[in-house]
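One letter stands for each residue in the lines below.
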Amino acid sequence: MDNTTMPTKLLENTDLDKTTHNQGHHPDKALVASAAGGDKDAFEQLYRIHVGRVYAVALRITADKLRAEEMTQATFVQAWKSLKGFRGESKFSSWLHRICVNTILAEQRARRQRTARITTTDDLSKVDFGREDGKPHLRLDLEQAIAQLPDGPRTVFVLYHLEGHKHAEIATLMGISENTSKVQLHRARKTLRELLRS
């Protein structure tokens, strides 16, 4: 069986907002072994177990539902192609998470190369949060503020605060120094404070 062609029916699922991530224990090891041998049904089960978590990470980093869906699908396509190389030294979910982050970072680099427009924190002063009643909506405001951060600071903020990574891990994932990770996190926090005060 060709292990480079991802099961077609998985690519048809675009209703990722409604997919839930089951927090229970799953027999990932057996499913991974079967899927690595070309069992598309086993890979579909892995997809259904992990798609919610992958999509949540992608949405937080990209701050865009359509891009998050695209990056989620790209993550699983890459996972399907690379499954035979998974050695089980880490949990499957951790391996999948790394693929997701690396896929998004590669897409962001490619997108930056295609466009000359650079977003700076100065551009963020024009953000309209759409508060019609004048009352604070902290959770919504925070999500919107995170979405307005430039790619680098937003990615570091999500990986550090929402995904629980340390600066050394973030540096490895993003191909930056630990110091750059810390600077990006500081920039993200400062910008978020400014946005939430406005």
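Source: prediction; values computed, not measured. (Residues numbered from 1 in each chain as written. Predicted model: local features only at pLDDT ≥ 70, side-chain atom pairs only at ≥ 80, totals over all residues. Heavy atoms only, no water.)

Engineer: Is there a simple way to think about the pattern of salt bridges in this case?
Structural biologist: Opposite charge on two side chains makes pairing possible when the charged atoms of those side chains draw close. Tallying each qualifying case throughout the model produces six salt bridges. Glu-163 is the partner of Arg-60 in a salt bridge, and the nearest nitrogen-oxygen pair spans 3.3 Å. Pair noted here: Arg-60 is in helix α3 (residues 40–62) and Glu-163 is in the loop between α7 (151–162) and α8 (167–174), with a separation of 103 residues, a long-range link. Owing to a relative accessible area of 30%, Arg-60 belongs among the partly exposed residues under this scheme. (Salt bridge = Lys/Arg side-chain N within 4 Å of Asp/Glu carboxyl O. Helix = DSSP H or I, 4+ residues; strand = E, 2+ residues; numbered from the N terminus. Buried < 20%, exposed > 50% of the residue type's maximum accessible area, 1.4 Å probe, protein only.)

Engineer: Where do I start with the environment of Trp-95 in this structure?
Structural biologist: Looking at the element boundaries, Trp-95 is found in helix α5 (residues 92–114). Exposure remark for Trp-95: the relative accessible area of 13% places this residue in the buried category. Residues Trp-95 and Ala-79, spaced 16 residues apart in sequence, show a C-alpha to C-alpha distance of 8.8 Å.

Engineer: Would you mind showing me how to read the packing of aromatic side chains here?
Structural biologist: Two aromatic rings are characterised by how far apart their centres lie and by the angle between their planes. Under the definition given, this model contains six aromatic pairs. Measuring from centroid to centroid gives 6.4 Å for Phe-43 and Phe-76, while their planes differ by 75 degrees, and the two rings are edge-to-face. With Phe-43 in helix α3 and Phe-76 in helix α4 (residues 65–82), the pair connects residues that are 33 residues apart, well separated along the chain. Phe-76 shares its class with Phe-43; the two are buried. Between Phe-92 and Trp-95, the ring centres sit 5.6 Å apart and the planes meet at 40 degrees, which makes this aromatic pair tilted. In this pair, Phe-92 and Trp-95 are both assigned in helix α5, three residues apart and thus about one turn of the helix distant. Under the relative-accessibility criterion, Phe-92 is labelled buried at 4%. Taken together, Phe-43, Tyr-47, Phe-76 and Trp-80 form an aromatic cluster joined through their ring pairs. (Phe/Tyr/Trp six-rings, centres within 6.5 Å; stacked < 30°, edge-to-face > 60°.)

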